[in-house]
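Here is how the chains run, residue by residue.
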Amino acid sequence: MPTLPASGLNDVLRHPGIWRRSSSAAPLLRTQATGCAELDSLLPGGGWPFGALSEILFTQDGLGELSLLLPALAELTRRRRRVVFVAPPYIPYAPALQAQGVDLNFVTHIQADAGDSSWSAEQCLRSGGCGAVLCWLHKADYAQLRRLQLAAETGATLGFVFRPAAAAQNPSPSGLRLLVNNDSETTHIEVLKCRGGLDTRRDTRLRWNG
């Protein structure tokens, strides 16, 4: 069996995706700030993880679940990165996106039916030509989500999937899962899962007025 030269091994071990048991340092994550300092402080790397699928679970429409992403999307389009909306339940309102700093020249809307939306999102994620891909999936099984997660890793892209809150009961391969819900007049964000693990000493639920 050929032996990897020491210099080559060192190069491999310095890769940010490699974790060594003997090292106390966590792997470096490439992230995009969410625009919410409290949420950033809860997430490893301080923001939305590139090369990973992030699930936004919500109890009902209109809680500001899309607004949660707008600061990051605005920053991506300022850097001339493509943002793709796949099968949103409502046509994105262009003036509202512009008001939040999103450059519409770098926004693409793909209207797809339930059978094609996951496939369309996967191709966009895998291409490496997008800064972020947003997809709305009412129903998705583990295998579909796994394909999207792998596609996001391949394309080093921010992947977002919007799903009903009931999906939180099912396992998921996503790197990050957030729950957006409303308690009376207050909207909360709860971090259910994140790559790198949660700090159990901190409250993973925060108040949000998006």
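Here we summarise the structure given alongside this text. Predicted model, so just to flag it, every value in this text is computed and none were measured.

## A word on the pattern of salt bridges
Taken as a whole and assessed by the stated rule, the structure comprises seven salt bridges. We note a salt bridge from R78 to E75, for which the minimum N-O separation is 3.1 Å. Here E75 and R78 lie together in helix α3 (residues 70-78), a separation of three residues that amounts to about one turn. A relative accessible area of 52% means that R78 is categorised as exposed. Overall, E75 belongs to the partly exposed group, its relative accessible area being 24%. For E122, the salt bridge is made with R126, and the minimal N-O distance between the two is 3.0 Å. In this pair, E122 and R126 both sit in helix α5 (residues 117-127), four residues apart, roughly one turn of the helix. Classification of E122 as buried rests on a relative accessible area of 4%. Overall, R126 belongs to the partly exposed group, its relative accessible area being 34%. Salt bridges linked by common partners bring E55, R163 and R177 together as one network.

## Focus: the sheet that holds strand β8 (residues 176-183)
Taking strand neighbours across the sheet as the criterion, the eight strands line up as β5-β4-β6-β7-β3-β8-β9-β10 in an open arrangement whose pairing is mixed. At either end of the open sheet lies a strand with only one pairing partner, and these are β5 (107-110) and β10 (205-208). Sheet twist, expressed as the average angle between the axes of neighbouring strands with direction ignored, equals 20°. Pairing of β8 with strand β9 (residues 186-194) involves eight bridges; the strand directions are antiparallel. Bridged to D183 within β9 is T186. Here α5 sits on the sheet in contact with β4 (82-86), β5, β6 (130-136) and β7 (158-164), set at roughly 165° to β6.

## Remarks on the packing of aromatic side chains
Two measures describe an aromatic ring pair: the distance that separates the ring centres and the angle between the ring planes. Overall, the coordinates contain three aromatic pairs when judged by the stated rule. With centroids separated by 5.2 Å and ring planes inclined at 90°, the aromatic side chains of W48 and F160 adopt a geometry described as edge-to-face. On the criterion of sequence distance, the pair formed by W48 in strand β2 (residues 48-49) and F160 in strand β7 is long-range, its members being 112 residues apart. Both residues of the pair, W48 and F160, belong to the buried class. Seen from their ring centres, F85 and W136 are 6.1 Å apart, and the 15° between their planes marks the pair as stacked. Here F85, found in strand β4, pairs with W136, found in strand β6; they are 51 residues apart in sequence, far enough to count as distant. When sorted by exposure, F85 lands in the same class as W136, which is buried. Ring pairs connect the aromatic residues F85, W136 and F162, which therefore count as one cluster. When the ring centre of F50 is taken as reference, the NZ or CZ atom of R30 above it lies at 3.9 Å.

## Remarks on helix α6 (residues 142-155)
Compared with an ideal rise of 1.5 Å per residue, which puts 14 residues at 20 Å, α6 spans 20 Å between its outermost C-alpha atoms and is within 8% of the ideal. Residues L145, L148, Q149, A151, A152 and G155 constitute the buried set of α6. All buried residues of α6 fall inside an arc of 160° around its axis, so they share one side. Taking the backbone nitrogen of A143 as reference, a side-chain oxygen 3.2 Å away marks D141 as the first, capping residue of α6. Just downstream of α6, A156 is the residue with a positive phi angle, here 50°.

## Things to note about the packing of α5 against α6
Remark: α5 packs on α6, axes separated minimally by 7 Å, with the N-to-C direction vectors making an angle of 20°. The orientation of α5 relative to α6 falls into the category roughly parallel. Every pair of crossing elements has a handedness; the one defined by α5 and α6 is left-handed. Note on element contacts: α6 touches α5 through Q144, R147, L148, A151, A152, T154 and G155, opposite S118, A121, E122, L125 and R126. A breakdown of the residues in the contact of α5 with α6 according to their chemical character gives five nonpolar, four polar and three charged.

Conventions we followed
- Residues numbered from 1 in each chain as written.
- Predicted model: local features only at pLDDT ≥ 70, side-chain atom pairs only at ≥ 80, totals over all residues.
- Heavy atoms only, no water.
- Salt bridge = Lys/Arg side-chain N within 4 Å of Asp/Glu carboxyl O.
- Helix = DSSP H or I, 4+ residues; strand = E, 2+ residues; numbered from the N terminus.
- Buried < 20%, exposed > 50% of the residue type's maximum accessible area, 1.4 Å probe, protein only.
- Pairing = 2+ DSSP bridges.
- Axes fitted to C-alpha atoms, helices over the stretch in contact; angles between N-to-C directions.
- Contact = heavy atoms within 4.5 Å.
- Phe/Tyr/Trp six-rings, centres within 6.5 Å; stacked < 30°, edge-to-face > 60°.
- Lys NZ or Arg CZ within 6 Å of the ring centre and 35° of its normal.
- Expected span 1.5 Å × (residues − 1).
- Arc of directions from axis to C-beta.
- Polar contact = N/O pair within 3.5 Å; in protein donor to acceptor, adjacent residues only side chain to side chain.
- Parallel < 35°, antiparallel > 145°, perpendicular 65-115°, else oblique.
- Left-handed = near helix turned anticlockwise from the far one by under 90°.
- Nonpolar A, V, L, I, M, F, W, Y, C, P; charged D, E, K, R; others polar.

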